[in-house]
Amino acid sequence: MRKHYAATLIFCMLFFMVGCNPISKTKISVEAKVSKLSDKQFEEVGTEGLKNSSKDDFRKFTFNFKMENPPDTSRKIEFPKGIAWKKSINSVDGKVRYWFGEEYQQDNEDENFALYHKDFLFYSKGLSEDEIKEAFDSIILKVAWKTKEKYQEEKEYQVSKLIKFN
């Protein structure tokens, strides 16, 4: 009987500690993917100056970051600026690889979430998956937050290590 009581007590204490842990209340999702273009997407690509270009010569890069945090949490997110992404993909071999793209963010202090999105099309002809990943070694997203209970944490995400190919 005492063993059962002790086990129940330990379980309850662990459950309480996990339930009150600020880490479990802050949720972060990060996605980086490189995918092939659809026919419709390729129609939007201007291929002037390229000889015999095809849909397979281009890829779409997509990056999504979402953070949900408890109320009364201050956060600081350092999201790489648009020019950094362009420089990264163009650095592979000195050719102009970046074609066009867009980005947006929603990161208001009074809201309990932050969203960052970046996508762009790039000329991928002649590049391996490893070369594409290496191009983004210098792109790092930094996140820091502090709760009202003074719990503090920081994370860094190196984009090259997150990339998945579709």
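Residues numbered from 1 in each chain as written. Predicted model: local features only at pLDDT ≥ 70, side-chain atom pairs only at ≥ 80, totals over all residues. Heavy atoms only, no water.

Trainee: Provide a residue-level description of the pattern of salt bridges, including the pertinent values.
Mentor: Within the structure shown, the criterion is met by eight salt bridges. With a shortest N-O distance of 2.8 Å, Lys55 and Asp39 are connected by a salt bridge. Of the two residues, Lys55 is situated in the loop between helix 3 (39-43) and strand 2 (58-68) and Asp39 in helix 3; the sequence distance between them amounts to 16 residues. By relative accessible area, which is 28% here, Lys55 ends up partly exposed. Residue classification places Asp39 among the exposed residues on the basis of a relative accessible area of 51%. Residue Arg97 pairs with Asp93 through a salt bridge whose shortest N-O separation is 2.6 Å. With a relative accessible area of 39%, Asp93 lands in the partly exposed category. (Salt bridge = Lys/Arg side-chain N within 4 Å of Asp/Glu carboxyl O. Helix = DSSP H or I, 4+ residues; strand = E, 2+ residues; numbered from the N terminus. Buried < 20%, exposed > 50% of the residue type's maximum accessible area, 1.4 Å probe, protein only.)

Trainee: Describe the sheet that holds strand 4 (residues 98-106), listing the residues and the values that go with them.
Mentor: Sheets are built from strands paired through backbone hydrogen bonds, the pairs being either parallel or antiparallel. Taken together, five strands build an open sheet; the order of strands is 4-5-2-1-8 and the sheet is mixed. The open sheet has two free edges, formed respectively by strand 4 and strand 8 (163-165), since each of these has just one partner strand. Here the average twist between neighbouring strands, direction ignored, is 15 degrees. Of the strand pairs in this sheet, strand 1 (residues 27-36) and strand 2 are connected by 10 bridges, and their pairing is antiparallel. Residue pairing in the sheet places Ser35 in a bridge with Lys60 of strand 2. Here helix 4 (residues 82-90) sits on the sheet and contacts strand 2, strand 4 and strand 5 (113-123); the angle it forms with strand 5, its principal contact strand, is near 35 degrees. (Pairing = 2+ DSSP bridges. Axes fitted to C-alpha atoms, helices over the stretch in contact; angles between N-to-C directions. Contact = heavy atoms within 4.5 Å.)

Trainee: Requested: an account of the sheet that holds strand 3 (residues 74-78), with residues and values cited.
Mentor: Taken in spatial order, the three strands line up as 3-6-7 in an open sheet, and their pairing is antiparallel. Unpaired on one side and paired on the other, strand 3 and strand 7 (152-158) mark the two borders of the sheet. On average, each strand axis in the sheet is inclined to that of its neighbour by 10 degrees, with strand direction left out of account.

Trainee: An account of the packing of aromatic side chains is requested, with residue identities and associated values reported.
Mentor: Here the structure, examined in full by the defined rule, presents 16 aromatic pairs. For the ring pair Phe61 and Phe120, a centre distance of 5.1 Å and an interplane angle of 20 degrees mean the geometry is stacked. Placement of Phe61 in strand 2 and of Phe120 in strand 5 is noted, with a sequence separation of 59 residues between them. Classification of Phe61 by relative accessible area gives buried; the value is 0%. Note on Phe120 and Phe136: the rings are 6.3 Å apart at their centroids and 40 degrees apart in plane angle, and the pair reads as tilted. Taken together, the positions of Phe120 in strand 5 and Phe136 in the loop between helix 5 (129-135) and strand 6 (140-146) put the pair 16 residues apart, joining distant regions of the chain. For Phe120, a relative accessible area of 1% puts it in the buried group. (Phe/Tyr/Trp six-rings, centres within 6.5 Å; stacked < 30°, edge-to-face > 60°.)

Trainee: I'd love a proper account of the pairing of strand 5, names of residues and values included.
Mentor: The buried count for strand 5 comes to nine of 11 residues, which makes it a mostly enclosed element. Relative to strand 5, strand 2 is paired through 11 bridges, and the arrangement is antiparallel. Within the sheet, the bridge partner assigned to Asn64 lies in strand 5 and is His117. Direction of pairing for strand 4 relative to strand 5: antiparallel, over a ladder of eight bridges. Looking at the pairing, Gly101 lines up with Phe120 of strand 5. A loop of six residues connects strand 4 with strand 5, the two strands running antiparallel in sequence.

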